[in-house]
Amino acid sequence: MSSEVVESLPATVPHPSLSREQQHEIYHYLKLTRLLEERLVNLYRQTKVVGGLYRSLGQEATAVGSAYALDKSHNDMIAPLIRDLGAMLVMGATPRELLLQYMAKRDSPTRGRDLQIHYADLQRGFIGPISHLGDMLPVMCGIALGSRLRRESRVCLVYMGDGASSTGAFAEGMNFAAVQRLPVVVIVENNGYAYSTPTSRQMAVERIVDKAVGFGVRGERVDGNDVLAVYDVTRRAVEHARAGGGVTLIEAVTFRMKGHAEHDDQRYVPKELLAAWAAKDPLQRYERYLLETGLATSDELEAITQRISRQLDDDVAFAEANPMPEPASALLDVYAS
């Protein structure tokens, strides 16, 4: 089955199933994602970030809203993509370790041997991406199947871009997950471009969610810039998967407001398209919702922002002072002990 874009609740109606504190927490993660990436941009321009920097500007709501719908008491797990920093933070990754990781420092999770969000923590429920091209779906199918064989109630959520849904790994993973009725949720972040190739040039279907029909699984399409709509659609998919219903394919319609990476000037995107999506900024939309429903005051939102800024001040200072790894450490943990 497939559906139209899931619309957000009216701006004057509070969310029925989330407490005030939970909705403040969602704001915290949205704001933390935005501010942490801004700090990373500054470090990148100072040549202190090693490798590329792939921002999620304009897409934060998809990552945060979907990860927030998972249940850590069931050991749910995610396989994030390069623009899912917000999901990593929701699952328990800290700004300090992420800064260390981007800067390839000695005390980073990979001790400087890998970059960005390419690291795993099974206790906190995330695994590092091995490829951007759909390969994490078959990996998560294996984790989901193993969890079911152990009679665990885990749900596995895997993210990918629109371009990845055009790959063989996507087709094989979806087919396997569908046939096995695995507890998997697949979120395709349709941000309009696979690097510089527009969606219309890489697939014949107009809606990625329609691909769900070919695999015989549920499909839903959601406004990826509305964090509460993303939360709702993901929560339904998670409940469906945990109850034994199998896979849901979610198409989150969003847009990246920066190039593929910081080195990409995005000249292939029409300026009017960027302007149209700038008016749909997910952080600003959620701020308006909180204020108009009376769920938060301007002072409360400012206090959250100030707490995050102070935390990032400390974490950036720590990461900058942390030394680069010793060359000999590259030989550690190469083989299992």
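Shown above is the structure to which this text applies.
Criteria and thresholds
- Residues numbered from 1 in each chain as written.
- Predicted model: local features only at pLDDT ≥ 70, side-chain atom pairs only at ≥ 80, totals over all residues.
- Heavy atoms only, no water.
- Buried < 20%, exposed > 50% of the residue type's maximum accessible area, 1.4 Å probe, protein only.
- Helix = DSSP H or I, 4+ residues; strand = E, 2+ residues; numbered from the N terminus.
- Pairing = 2+ DSSP bridges.
- Salt bridge = Lys/Arg side-chain N within 4 Å of Asp/Glu carboxyl O.
- Axes fitted to C-alpha atoms, helices over the stretch in contact; angles between N-to-C directions.
- Parallel < 35°, antiparallel > 145°, perpendicular 65-115°, else oblique.
- Left-handed = near helix turned anticlockwise from the far one by under 90°.
- Contact = heavy atoms within 4.5 Å.
- Nonpolar A, V, L, I, M, F, W, Y, C, P; charged D, E, K, R; others polar.
- Core = buried A, V, L, I, M, F, W, Y, C linked by side-chain atoms within 4.5 Å.

Caption draft 1: Highlighting the pairing of strand β3 (residues 156–161). With 6 of its 6 residues buried, β3 lies for the most part within the structure. Of the two faces of β3, the one lined by C156, V158 and M160 and the one lined by L157, Y159 and G161 are each fully buried. As judged from the 3 bridges shared by strand β2 (residues 77–79) and β3, these two strands associate in the parallel manner. Among the inter-strand pairings, I78 is bridged to a residue of β3, identified as L157. In this sheet, strand β4 (residues 184–190) lies alongside β3 in parallel orientation, the contact comprising 6 bridges.

Caption draft 2: View of unusual backbone geometry. Although it is not a glycine, T47 adopts a positive phi angle of roughly 60°. A relative accessible area of 70% places T47 in the exposed class.

Caption draft 3: Examining the pattern of salt bridges more closely. With the rule as written, the count across this model stands at 24 salt bridges. A salt bridge links R34 to D281; the shortest N-O distance between them is 2.9 Å. Here R34 is found in helix α1 (residues 20–45), whereas its partner D281 is found in the loop between α9 (271–278) and α10 (282–292), with 247 residues between them in sequence. Under the relative-accessibility criterion, D281 is labelled buried at 12%. With its nearest N and O atoms 3.2 Å apart, the salt bridge here joins R154 to E152. Of the residues examined, E152 reaches a relative accessible area of 36% and is grouped as partly exposed.

Caption draft 4: Spotlight on the packing of helix α5 (residues 136–149) against helix α6 (residues 168–180). Packing of α5 against α6 brings their axes to within 8 Å, and their N-to-C directions diverge by 20°. It follows from the interaxial angle that α5 and α6 lie roughly parallel. For the pair α5 and α6, the sense of crossing is left-handed. In this structure, α5 uses L137, P138, C141, L145 and R148 to contact α6, whose residues at the interface are A169, F170, G173, M174, F176, A177 and Q180. Within the contact of α5 with α6, the residues separate by chemical class into 9 nonpolar, 2 polar and 1 charged.

Caption draft 5: Fine view of the nonpolar core. Judged by nonpolar contacts, the single largest core of 69 residues is most densely connected at I26, L98 and Y286. Looking at this core, the element that brings in the most residues is α1, giving 10 residues. Apart from the residues lying within four places of it in its own chain, the contact partners of I26 are L18, V64, Y68, V227, L228 and Y286.

Caption draft 6: Just the packing of α1 against helix α4 (residues 95–102), in detail. Look at α1 against α4: their axes get within 11 Å of each other, and the N-to-C directions meet at 30°. It follows from the interaxial angle that α1 and α4 lie roughly parallel. The handedness of the crossing between α1 and α4 is right-handed. Residue-level inspection shows L32, L36, L40 and L43 of α1 in contact with α4, the latter providing P95, L98, L99 and Y102.

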